[in-house]
Amino acid sequence: MTDKVTFTINGEQHEVGADVSADTCLSTYLHAQHLRGTRVTCGTGGCGACMVLVTRLDPDSGEKTSYSALSCLIPVLGCSGWEITTIEGLGNRFEGYHIIQDRLVEHYGTQCGYCSPGMVMSMYGMTQEKSSWTDSDVERILDANLCRCTGYRPIVDAFKSVTVQDIEDAHTLSCPRTGQPCKGRCSLKSADSKTSSCSKLGEKPESRLLQLRGATWHQPASLQELYDILSDLPQGTKYRFVCSDTGKGIFHDEGPYSVYISITSIPEFSRAAASPSGLVFGANVSISRMMSEFSTASQSLSGFGFAEKIVKMWKRVGGTALRNMGSWSGNFAMKIAHRAFPSDVFLSLMAAGAVVKSGSPYGGDKEHTLDHLLDLDLEAERRVLLELRVPPMSDEVVYRLFKIAPRSANVHAYMNAAFSMRVDSANAHAVIGRPMILFGGINEDFLHAWGAEAALEDNSLEDEATVQAALTALRDEIHPDDLPVNPSAKYRIDVAQSLLYKTILGIVGDIADASVASGASDLERPLASGQQNYDENTDRWPLSKPVTKVEGHIQCSGEADYVADLPPLCEELSGCFVTSTQANARIVSIDTSAALAIPGVEGFVGIQDVTGINNIQVLQWPFPEPLFAEERSSYFGQPLGLIVAKTAELSKQGAAAVVVTYDDIQAPVLTIKEAQQQPLPSPQGDPFVEGDVEAGFAASTHVLEGGVGHDWQYHFYMENQATLAIPTDDGLDVFTASQWAIETQRSIGQVLGVPDSTVNVSVKRIGGGFGGKITRGNIIAAATCLAARKMRKPVRTVLDMATCMTMLGGRDPFWSTYKVGVDAEGRLLAVQATMTSDAGYVNVDPNNTGSPPAVPSCYICPNWEITPVTVLTNTPNNTWTRTPGTTEGVTLMETIIEHVAVALNLDPLLVRQRNLMPDGSFRRVSEGVFRLRCGRGGRDAIAIPKQVKVEKNIIGDMLTQLMSSADVENRKQMVDTFNKNHLWKKRGISVMTMLWPHVVPLLYPMNSLVSINQRDGSVAVSHGGTELGQGMNTKVVQVVAYELGCPMEVVVVKPTTSHANANSQGTDGALGSYTTAYSVSEACKKLRARLDAVRQSLGVEDLSWKDLIKAAANEGVDISERYCNGPGEVQSYPVFGVCCTEIELDVLTGQFLVLRTDILQDAGTSMSPMVDVAQVEGGFVMGQGLFTSEKAIYDPATGRRLTDGTWHYQVPTAHDVPADFRVSLLSNTPNPIGVLDSKATSEPPVPLSYTVLMALRNAVASARADGGTVGWFNIEAPFNVEKLQQLCLVEPSRMVLHPGAR
Ligand SMILES: Cc1cc2nc3c(=O)[nH]c(=O)nc-3n(C[C@H](O)[C@H](O)[C@H](O)COP(=O)(O)OP(=O)(O)OC[C@H]3O[C@@H](n4cnc5c(N)ncnc54)[C@H](O)[C@@H]3O)c2cc1C
Ligand code: FES
Ligand code: FES
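What counts and what doesn't
- Residues numbered from 1 in each chain as written.
- Chains lettered and ligands numbered in written order.
- Predicted model: local features only at pLDDT ≥ 70, side-chain atom pairs only at ≥ 80, totals over all residues.
- Heavy atoms only, no water.
- Near = heavy atom within 4 Å.
- Polar contact = N/O pair within 3.5 Å; in protein donor to acceptor, adjacent residues only side chain to side chain.
- Areas by Shrake-Rupley, 256 points an atom, 1.4 Å probe, with all protein chains shown as cover.
- Helix = DSSP H or I, 4+ residues; strand = E, 2+ residues; numbered from the N terminus.
- Disulfide = S-S within 2.5 Å.
- Core = buried A, V, L, I, M, F, W, Y, C linked by side-chain atoms within 4.5 Å.
- Buried < 20%, exposed > 50% of the residue type's maximum accessible area, 1.4 Å probe, protein only.
- Contact = heavy atoms within 4.5 Å.
- Pairing = 2+ DSSP bridges.
- Salt bridge = Lys/Arg side-chain N within 4 Å of Asp/Glu carboxyl O.
- Axes fitted to C-alpha atoms, helices over the stretch in contact; angles between N-to-C directions.
- Parallel < 35°, antiparallel > 145°, perpendicular 65-115°, else oblique.
- Nonpolar A, V, L, I, M, F, W, Y, C, P; charged D, E, K, R; others polar.

In this section: the site of ligand 1. Neighbouring ligand 1 are 36 residues; Thr 246, Gly 247, Ser 327, Asp 344 and Lys 403 lie closest to it. In this structure, Lys 403 approaches ligand 1 through a side-chain N or O atom, which is 2.8 Å from an oxygen atom. About the coverage of ligand 1: the protein hides 95% of its 960 Å² of free accessible area. The set of elements that each furnish at least two residues to the shell around ligand 1 consists of β8 (239–242), α12 (328–337), α13 (344–351) and β14 (384–390).

As structure tokens, then:
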């Protein structure tokens, strides 16, 4: 018996004991060990950022296995005997990089870089686990690694390029340090330490007993020991078995426990055996291993063909790493404890007739069918799940599984279903006996559809009446629960019927009519592919050269610094926000006494500590935004104060112990509809008006009205908000994740009441922002600085994802209504619209400023009247989110065009073409609605350009090009034919044209400093922008090298600081990279002029860069320069884009595939084509999330945002993005008024993803038409699977085998 847990990390021995807690997860431990490359985003197993490789011995077979695993879920005490490899074990800048890291960089697969170590480790895990792999394997292992920046295409391509040979070659290369063959783990300390860890692994598992603070940790090495521990536990002890501990990723708040029993060392629990009588799995066998055994059995054992279907379904259970870790027994125990948990594993095995053996120190072993298992009270009986047996299945049995989920991978089921029925196919497909029909995700009690089972029993599936009887029985017996996070009851009833119908269609095969046959099958995503086209422009290299990201390698190796990962400082404290738990209530008291009594909790900072103004918004804003709530809590999650403690764990504990009391609790206003019943806040933005809409309507032959809804969107930056504040002798040094360092500086100065010059803000890079870190981070920064000043110690506050998602706002939800008048040919005569946006609880960071002027897009209409309305709700202050307002404006117009086309029965493309704006048009930009945005520069509305001139509307040409390159006409016909022939699968194709008005406020200063170093000619640049993944620094390096005529390799970009880059603007609105590049280029031009003069004076033309710099310095030439652009220097211009997307929809369930997307994007002459293509792909996919899966759901009583993590909030995964993704940058179109002929690319592509929604809409329209419903229907995004299925209006009475016969 030992009281220590030993393991190795990258070959180095580690030992832990009572110094950690049962909750300390491996990722936390790694950070404490200064292994900071392993990132943490969700902390709940849903994003893949924290991936590591685990190698361990199977306690039963003694064989070594390696697999990728999620370190945020692994308890460090559960790592005994493991070899852990982290990203630091692969490669680094000193010893060289691993081939996987190289490939990711070469393919431009990293942008903000926060997901990159996790991506690399996933791929590395597969190469260590398998001796060969296919492209499909590569796509599969990326199922749970989320990336918000890239759109995944380059990551998938990068990893597909890694061959077995590459990995083997990596192993034969000599390590420059040791001279030994490289194992691809450069930082393993030494061969000796590795051997010693291996030999430890080989030893027989040892029992462990650790007395921790407040808990005991047992690790028995045999079943008997486990029983002894259980029987010794006093009655009422709260204990938990720890298998892989992934369960806490879903059910977070079940502890604390006084006893933890790790059951991973019990040999028989890891046993898997296959025989003709069944497959047997010990309790710890992972889902992945079961899948592998099922696969083998399905090929080699008679009666196990069905197992392949389990494998197929389970590929959608969590992600690869989760399945590598999670066991069936943990999954079952979770299902037993939480009946409503829609376990795919449980449901599929129940229908397969699996049987579980359990044991207890008291009552001996018992066998349970899965029906009965759910009635067990495991804890009361001290019962352990021991073994699962899956029997063979007769060939007569039809076994079918379904998982209906809001996205393709790494997602829990909205609902799932399993069917098992014996069918006599020779006898009219009669069901023999009672079938088994199971549904999950209905309510906590529902499993068996007894009524439907009875309806089918001994009846023919070819009999329409039987089918209808079963569907009706199903409808009558399913009573879904009413939880806000679940889809509607109607959807679940409808889909339950659909799934039964699908199963029947699958069984009867071609007995059913060909038109309905496609209803039987699942959607199958093809292997991903892509194309990227751009001009080479070699004449101006290194500018415009397709270079890789300058920080690429340090991002892919985890060496890149982000605030949360900066090394800990002496005496550093950790901050954790105390937030309100009631929206719309008066705060009576905040009692911190219990929190402050916790040893290690050092203090609380609240409103009483604000020595300046309790307002994080700086002067130019029309409204204040309190740092800490004052009298009332306006929304659930509003900051009330900050607890500071010695560790992050303690500060969290302390914050939870603060008691807040409320009274005057009012019902929260949570939606635009509810807010419209309240008085409107003022001021409101001015309408955008041109011409006279009433006259336009009078002249119209058709006047149409409709509405468009856009839901809330979370930025989903992978690096959560974070600030480190360090008191210094001249104020505070602040390291923060901010898109606008200078505003953060001002905000802190204002809240603390200190001169801005004493607040030294530094931003090196951030792990994604998308607008969420323009002003939202100032809440964290100001509170942390208050705490650092009060405690006189460094304080670091790193939010977890749930806090980011509840405390901070995202994209404004919008509801827009419109009225459009057209002539008989669909020409626009008048467009009138009201765009209502939900600003959250206070109208700052307005999204609705850019929306009305964006509406016209690339179209001409004599009469416009677009009115922005902003409402307030009891939700966090919403803020700018990639392409704010413009997305809603442009897509409103696209909706109008589609509506016109439907109403006039015209091809939407023709309507677009007929309305394209002629060359030389002016696109007005409404001053009024831009007033607030303009205010950011501290100027009034005069600082806003009044219009953007469209010298040439190149959309027509771009459209022609796209029509040909994407073969649109042919594909449209194919889609039509497909839809005519299929009732239950529909395809949709849509083409969109867009003019994105890139509006640069007249005053948008970006302060840059370029310093050349005399000794070696190396160049350091510090600029006012923020590298947040968009490739700003890469463009800057290219610009500097181009302008100065020096090699790119000598240029480095330093952090943005409030001193060197004072008074710079924020990085947002597609303005950051662009304006920064301008500012840097102007500084370089000034330097270049001085250097050219030196060159001339020396009369040597071919002077090397180094010699030139030396000569200049020797002559006393100033080889540093700064520049800050003044009013109007950077100009506004239109950006054009066209896009075509094709989708396939499963009408019966609402699930869909994005089959192909073609984008032709105008980037001027790109400064850096790989950067720009990446922006296009990433922007498109972020938009796809907005339009198809992302939404906010609230608890109506407290106002809590329930979609506060990866379990309920779904951004697209690598399996959701267009399967065939083709991006071209428009050729040979320099932008004469653009910075270095270029155009901005980071925001304009977002609205193009509306093609996905419009293509889906077309597919839905075809499905509705089959049911007899034609005409326009309103669009309320997201078109998620629930909405899509509901819009298709599938009546169960249409679920027949022979539609023609009716
Ligand atoms: C991000 C994420 C996504 C997921 N997605 C899906 C999904 O799509 N579909 C799906 O079906 N599931 C899903 N799951 C659930 C997942 O399958 C389970 O978390 C996992 O299988 C649990 O196994 P474990 O070994 O980690 O159990 P643990 O977390 O170690 O244990 C979980 C519970 O089981 C108890 N327990 C463990 N072993 C035994 C035993 N032998 N006897 C009695 N009690 C025991 C423990 O006391 C604990 O209460 C997901 C989980 C996460 C975190
Ligand atoms: S941080 Fe571990 S999976 Fe997200
Ligand atoms: S690069 Fe993937 S999240 Fe930023």
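Right, let's get into the state of the cysteines. Using the criterion set out here, one finds 0 disulfides in the structure. Considering cysteine sulfurs only, Cys 1084 is the nearest to Cys 1124, which forms no disulfide, with 15 Å between them.

Here the focus is the nonpolar core. Judged by nonpolar contacts, the single largest core of 309 residues is most densely connected at Phe 7, Phe 159, Phe 439, Leu 500, Val 1019, Leu 1044 and Leu 1145. Contacts of Leu 500, omitting those with residues within four sequence positions, involve Phe 419, Ile 437, Ala 452, Leu 456, Ala 470, Leu 471 and Leu 474. Counting residues in hydrophobic clusters, the runner-up holds 61 residues, among them Tyr 227, Ile 229, Ala 283 and Tyr 399.

A separate point is the sheet that holds strand β22 (residues 632–633). Judged by pairing direction, the sheet is antiparallel, and its 3 strands sit side by side in the order β22-β20-β24 without closing on themselves. Looking along the sheet, the strands with just one partner apiece sit at the ends: β22 and β24 (659–663). Sheet topology note: the strand β20 (residues 585–591)/β22 ladder contains 2 bridges and is antiparallel. Each bridged residue has a counterpart across the sheet, and for Arg 586 the counterpart in β22 is Arg 632.

Turning our attention to the pattern of salt bridges. A complete count under the given rule lists 69 salt bridges for this structure. A salt bridge links Lys 248 to Asp 245; the shortest N-O distance between them is 2.9 Å. A salt bridge links Asp 522 to Arg 400; the nearest nitrogen and oxygen atoms lie 3.2 Å apart. Taken together, the positions of Asp 522 in the loop between α18 (514–517) and β18 (529–533) and Arg 400 in strand β15 (residues 397–404) put the pair 122 residues apart, joining distant regions of the chain. According to the relative accessible area criterion, Arg 400 is buried, its value standing at 13%. Through salt bridges with shared partners, a single ionic network connects Arg 240, Asp 245, Lys 248 and Glu 254.

Let us look at the packing of helix α36 (residues 1169–1188) against helix α37 (residues 1250–1266). Orientation of α36 relative to α37, taken along the N-to-C sense of each, is 40°, at an axis distance of 7 Å. When the axis of α36 is compared with that of α37, the two are oblique. From α36, Phe 1180, Gln 1184, Phe 1187 and Thr 1188 reach across to α37, where they touch Tyr 1250, Thr 1251, Val 1252, Leu 1253 and Leu 1256. Residues of the contact of α36 with α37, tallied by class, amount to 6 nonpolar, 3 polar and no charged.

The analysis is restricted to geometry; functional conclusions fall outside its scope.
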